[in-house]
Amino acid sequence: MTATLATGSGSGSPAHDDRPARNRRSSGGRAPHRRGGRQVIPHIILAAFIVYFALPFWWLIVASTKSQQTLFDGKTSALWFSGDFDLFSNIGALFTYSGGLYAHWLGNSFLYAIAGGVGATVLSVLAGYGFSMYGFRGRRLFFAVVLGSVMVPATVLVIPLFVMMSGAHLTNTIWAIILPSMLNPFAVYLMKVYTDEAIPPEMVDAARVDGAGEVRIFARVALPLMRPAVVTVLLLSVVGTWNNFFLPLVMFSNPQLFPVTVGLGALQSQAQVNTGGQSLWNLVITGALISIIPLIVSFLTLQRYWQGGLSIGSVK
Amino acid sequence: MTESAVATRRPREPRATRRRGDIVSLRRARWGWAFTAPFAVFLLLFLLIPLVYAFVMSLQNTTLAGGTSWVGLANYAKAFTDPLFLDGVWRVMLFAIVMIPAQMIVALVAALLIDALTTRFAKISRLLIFVPYAVPVVIGALMWGFLYSPSFGPAQELFGAFGLQAPNFFSDQNVFGSLVNIVTWQWAGYYMIIMYAALQGVDPSIYEAARVDGANAWQVALRIKIPMIASSLLLVLVFALIGTLQFFNEPQMLRGMASGSITSNYTPNIYAYTVAFSYHQFNYASAIAFALGLVIFVGSYAFMFATRKRSGLMK
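Residues numbered from 1 in each chain as written. Chains lettered and ligands numbered in written order. Predicted model: local features only at pLDDT ≥ 70, side-chain atom pairs only at ≥ 80, totals over all residues.

### Observations regarding the overall build of chain A
In terms of helices and strands, chain A carries 17 helices and 0 strands. Counting only residues that meet the buried cut, chain A has 48% of its 316 residues in that class. Put simply, 72% of the contacts in chain A that link residues at least 6 apart link residues at least 24 apart. (Helix = DSSP H or I, 4+ residues; strand = E, 2+ residues; numbered from the N terminus. Buried ≥ 20, exposed ≤ 12 C-beta atoms within 10 Å, placed from the backbone. Contact = placed C-beta atoms within 7 Å.)

So this is what it looks like as structure tokens:
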């Protein structure tokens, strides 16, 4: 995990020594020292943390099994299930609401995240490889611009992007979110640093001597070596686009195009205004629950990739 | 093990530079541009041009009658005397002072505990504390909005168990703390992972040495572990600072529920959004966003420069 990807000196330690260090640690003489009563208090503190961090999820799961009458009647505890189990009727109501709008939102989120994420990954893998492998005129300046642009806050870009996109008649089209999401300077930086570490120059030179062309070297020699970083960058870019709120909020006025973040935001404010019936809250709650499942599942199953990616982040 | 290895890990110079001038390197240079060109196009179209365009817009004014005219720095002068803008700037600074330490302390305590405990429970905690990061910020704010809700949230129940009256989380005084809590919940796990990765990289023989000298676990954590991961702490601080100054999603999401307490100028970003998309004053909004962006850029760059020896961020 971290050992495959972390590079540089930020943590004060070379990543490739990480795994042995950990092994040494767990098999070392330290562990027996720590057993016993002194560990009770740390475990209690950790348990308190878990309660705090899990509370919203627990509430959401419980609340999504309640009909809106049960939600508001005040008879059942907000943190425990009522007698009735209405999760499936809530899901049914959610997916039929306004002609299946929620399914559209979910589909849009997938489309934007995957298109934007794949695009960003392709661009940054190529660029990172180019920066690492070739010395060309303007390389230093270009790379300095890339580093600087990591620090440009998204906000500064949203307003001009909106004006430019609306000038090009691209607002309220999927391109308004997919194209800007394909730009990820931080991913270029990660790929460059990783390529510097992962690809021995002798190997590339040997391939050249054997008569392989540059494209062939990239595809057959370099790309397989870069795979762990490619997966991390893909994951981080997909998640970044999935979570984006400000850009789609600005670009879309047609609810059919909303990703699930903006859609739920709109549904929530509608539920807020609907003072009479309180009729939408169970939809907002169930919708929130369903929308977080894909990312949580992928984060838990792809642990070893994102942990590697985050520790590259910790380096620079 | 650490120092020597660090030195060898600097990115090497591309080998083509060694042979600059001959035909081979010329051909290689063209390949360098070929690989970076697609990214360069996107960088130009979706970052550099919008940036310049935002700056140009901020120097202009557009009126229905008079069209577009150059006004120099008038929009900036207006921004820095606009009480609504300054109010928001002041508020995000206050948020930075309260929110960043809150997140970092929670993250550091969790990271130190999980690093020190090698039990399965610690491993599970690491995952559970991190999970909020996998939730979109907007949905996280939405979930806490539910929990804060006086009509169907659990607050009254929880406070009632201690014989207390639940506070109104959306009141003018309390909404600040409510937002700090949401952000801490959302980001502490991410920062914990960064700190934990750094802690895992520290050579454990250093702890052994301290232990032999009679240091207890508390002293090891305070005197050795925290200084050893100072660079990660600084990095987290920069991340958190940049994020806090751009504060937008959470307060924007709570605005519906906390009607009145979160005004249209609650943070500079919300103000810029309102000015642009509710009042359609794109020029003034650009000036606000650009001024804020400049503060963030210069601030974070200066901070990284000032701490470069400790952090190794700018080598």
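### Focus on the domain arrangement of chain A
All names here are of chain A. By domain assignment, chain A separates into domain 1 (37-85) and domain 2 (101-315). Taking the mean C-alpha position of each, domain 1 and domain 2 sit 33 Å from one another. Counting from both sides, the interface comprises 8 residues of domain 1 and, opposite them, 8 residues of domain 2. Taken together, the elements giving at least two residues each to the side of domain 1 that touches domain 2 come down to α4 (40-63) and α5 (68-73). Across the side of domain 1 that touches domain 2, the residue classes break down as 5 nonpolar, 3 polar and no charged. (Domains from an automatic or database assignment. Nonpolar A, V, L, I, M, F, W, Y, C, P; charged D, E, K, R; others polar.)

### Thoughts on helix α6 (residues 137-148) of chain B
Helix length check: α6(B), at 12 residues, gives a terminal C-alpha distance of 16 Å against a target of 16 Å (1.5 Å per residue), a fit within 8%. Those residues of α6(B) not exposed but buried are V137(B), V138(B), I139(B), G140(B), A141(B), L142(B), M143(B), W144(B), G145(B), F146(B), L147(B) and Y148(B). (Expected span 1.5 Å × (residues − 1).)

### Here's the deal with helix α13 (residues 268-277) of chain B
Where burial is concerned, most of α13(B) is hidden: 8 out of the 10 residues are buried. Buried residues of α13(B): P268(B), N269(B), I270(B), Y271(B), A272(B), Y273(B), V275(B) and A276(B), and no others. Considering only its buried residues, α13(B) is in contact with α9 (154-167) of chain A together with α4 (83-116), α12 (249-254) and α14 (282-306) of chain B.

### Some thoughts on the environment of N283(B)
For N283(B), the location among the structural elements is in helix α14. Judged by C-beta crowding, with 24 C-beta atoms within 10 Å, N283(B) ranks as buried.

### A few points about the packing of α13(B) against α14(B)
All names here are of chain B. One way to put it is that α13 packs onto α14 with a least axis distance of 8 Å and a crossing angle of 165°. Between α13 and α14, the angle is such that the two are roughly antiparallel. Once α13 is placed against α14, the crossing between them reads as left-handed. Listed contacts from α14 to P268, N269, Y271, A272, V275 and A276 of α13 are F282, Y284, A285, I288, A289 and L292. Looking at the contact of α13 with α14 residue by residue, the class counts come to 11 nonpolar, 1 polar and no charged. (Axes fitted to C-alpha atoms, helices over the stretch in contact; angles between N-to-C directions. Parallel < 35°, antiparallel > 145°, perpendicular 65-115°, else oblique. Left-handed = near helix turned anticlockwise from the far one by under 90°.)

### Considering the nonpolar core
Formed by 170 residues in total, the largest nonpolar core has its most connected members in M192(B), M195(B) and I288(B). Contacts of M192(B), omitting those with residues within four sequence positions, involve A107(B), A110(B), A111(B), I129(B) and F130(B). (Core = buried A, V, L, I, M, F, W, Y, C linked by C-beta atoms within 7 Å.)

### Re the confidence of the model for chain B
All names here are of chain B. Confidence in the prediction for chain B averages 84 pLDDT; 91% of positions are at 70 or higher. The secondary structure element of chain B with the lowest average pLDDT is helix α1 (residues 2-8), at 39, and the one with the highest is α4, at 93. In this model, residues 1-12 is a region of pLDDT below 50 whose contacts with residues beyond four sequence positions or in other chains number 16 contacts. Under a pLDDT of 50 for its full length, residues 15-20 has, in the predicted model, 10 contacts with residues more than four places off or in other chains. (pLDDT = per-residue confidence, 0-100.)

### A short note on the interface of chain B and chain A
Interface size is commonly expressed as the accessible area that is lost once the parts come together. At the interface, 97 residues of chain B touch 99 residues of chain A. Counted by class, the side of chain B that touches chain A contains 70 nonpolar, 21 polar and 6 charged residues.

### A word on the domain arrangement of chain B
All names here are of chain B. Parsing chain B into structural domains produces domain 1 (2-58) and domain 2 (80-311). Taken residue by residue, the interface counts 5 residues in domain 1 and 7 residues in domain 2. Here the side of domain 1 that touches domain 2 takes 4 residues from helix α2 (residues 23-58), the largest share from any one element.

### Section: the pairing of strand β2 (residues 67-70) of chain B
All names here are of chain B. Looking at chain direction, strand β1 (residues 60-63) and β2 are connected through 4 bridges and run antiparallel. Among the inter-strand pairings, T62 is bridged to a residue of β2, identified as T68. Counting the residues between successive antiparallel strands, the hairpin from β1 to β2 contains 3 residues. (Pairing = 2+ DSSP bridges.)

### Quick word on the packing of helix α16 (residues 281-301) of chain A against α6(B)
Two numbers describe how α16(A) lies on α6(B): the axes approach to 11 Å, and their chain directions differ by 140°. In terms of their interaxial angle, α16(A) and α6(B) are classed as oblique. For the pair α16(A) and α6(B), the sense of crossing is left-handed. Contact with α16(A), carried on its side by I285(A), A288(A), S291(A) and I292(A), involves I139(B), L142(B), M143(B) and F146(B) of α6(B) and no other residues of that element. Of the residues that constitute the contact of α16(A) with α6(B), the class distribution is 7 nonpolar, 1 polar and no charged.

### Notes on unusual backbone geometry
Even without being glycine, S98(A) reaches a positive phi, approximately 50°. Owing to 11 C-beta atoms within 10 Å, S98(A) belongs among the exposed residues under this scheme. At H280(B), a residue that is not glycine, the phi angle is positive and equals roughly 55°. Here H280(B) lies in the loop between α13 and α14.

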